[in-house]
Amino acid sequence: RSLFLAGALLIKMTAGSTPSPAHVDKANIGFYDYSAVVYLNTQNENFEGGSFHFVDSSGVEVVEPRAGRCLLFASGAEHLHQVQPVTSGQRFAIGMWFTLTPHCGSAL
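Residues numbered from 1 in each chain as written. Predicted model: local features only at pLDDT ≥ 70, side-chain atom pairs only at ≥ 80, totals over all residues. Heavy atoms only, no water.

Trainee: Please explain the side chain of Ser51 as it appears in this structure.
Mentor: Looking at where Ser51 falls in the secondary structure, it is placed in the loop between strand E4 (47-49) and strand E5 (52-56). The exposure class assigned to Ser51 is buried, which follows from its relative accessible area of 11%. Among residues more than four places away in sequence, those in contact with Ser51 are Gln43, Val62, Val63, Pro65, Gln82, Val83 and Gln84. (Helix = DSSP H or I, 4+ residues; strand = E, 2+ residues; numbered from the N terminus. Buried < 20%, exposed > 50% of the residue type's maximum accessible area, 1.4 Å probe, protein only. Contact = heavy atoms within 4.5 Å.)

Quick look at the structure:
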C-alpha cells in the first residue's frame, strides 16, 4: 500500500510552553495512520525537560530527544503519548503524520 503525507509541523517548545497532554493522534484526526517525530536538537545539550513519553497500563516508556533521532509509530490507541514540559532552553522537532487514504494526503 502507498503512504501519503497528511501533515507536518515544526514544533518549538520553551520553558513556559504548554506541554502536550496525553493523547492519541488518530483520535484527533481520524485518517492519521502513522506518526513521526524528527528531533532537531538534543536534550541536556540544548534544552532540559521535553522528554517524549509513551503511556500505557504497564507504565511509561521514555524517549530522550536527540538531534537526528526519528521516532515512528502507529497513530492509534496503542500509542498514547505525551511530551513533558521544557524547563530551560528551546526544543525543536518536526512532527509528521501519514495516511493510507489517498484523498487525505499528498503522495510521497
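Trainee: Explanation requested: unusual backbone geometry in the structure shown.
Mentor: When glycine is set aside, most residues are seen to have a negative phi, and most peptide bonds are trans. Phi is positive for Asn44, close to 70 degrees, though the residue is something other than glycine. Within the secondary structure layout, Asn44 lies in the loop between strand E3 (34-39) and E4.

Trainee: I tried to follow the sheet that holds strand E6 (residues 59-63) on my own but got confused; where do I start?
Mentor: Backbone-to-backbone hydrogen bonds pair the strands of a sheet. The strands run either parallel or antiparallel. The sheet built from 4 strands is open, its strands ordered E2-E8-E5-E6 with antiparallel pairing. Edge positions in the sheet fall to strand E2 (20-23) and E6, since each of these pairs with one other strand and no more. Looking at each pair of strands side by side, their axes are set apart by 20 degrees on average, direction ignored. (Pairing = 2+ DSSP bridges. Axes fitted to C-alpha atoms, helices over the stretch in contact; angles between N-to-C directions.)

Trainee: Honestly, the pairing of E6 in this entry has me stumped. Any pointers?
Mentor: Residues in a regular strand project their side chains so that they alternate between the two faces of the sheet. Across 5 bridges, E5 lies against E6 in antiparallel orientation. By the bridge assignment for E6, His53 is matched with Val62. Hairpin connection from E5 to E6: 2 residues lie between these consecutive antiparallel strands.

Trainee: What is the right way to read the pattern of salt bridges from this model?
Mentor: Pairing is possible between side chains that carry opposite charge, provided their charged atoms lie close to one another. Within the structure shown, the criterion is met by 1 salt bridge. Ionic pairing is found between Asp33 and Lys26, a salt bridge with its closest N-O pair at 3.0 Å. Under the relative-accessibility criterion, Lys26 is labelled partly exposed at 32%. (Salt bridge = Lys/Arg side-chain N within 4 Å of Asp/Glu carboxyl O.)

Trainee: Any chance you could explain the packing of aromatic side chains here in plain terms?
Mentor: When we look at a pair of aromatic rings, we describe it by the centre distance and by the angle of the planes. Enumeration over the complete set of coordinates arrives at 5 aromatic pairs. Centre to centre, the rings of Phe31 and Tyr32 are 5.6 Å apart; their planes meet at 90 degrees, and the pair counts as edge-to-face. We classify Phe31 as partly exposed; its relative accessible area is 32%. The class for Tyr32 is buried, based on a relative accessible area of 12%. What links up through ring pairs into an aromatic cluster is the set Phe31, Tyr32 and Trp97. (Phe/Tyr/Trp six-rings, centres within 6.5 Å; stacked < 30°, edge-to-face > 60°.)

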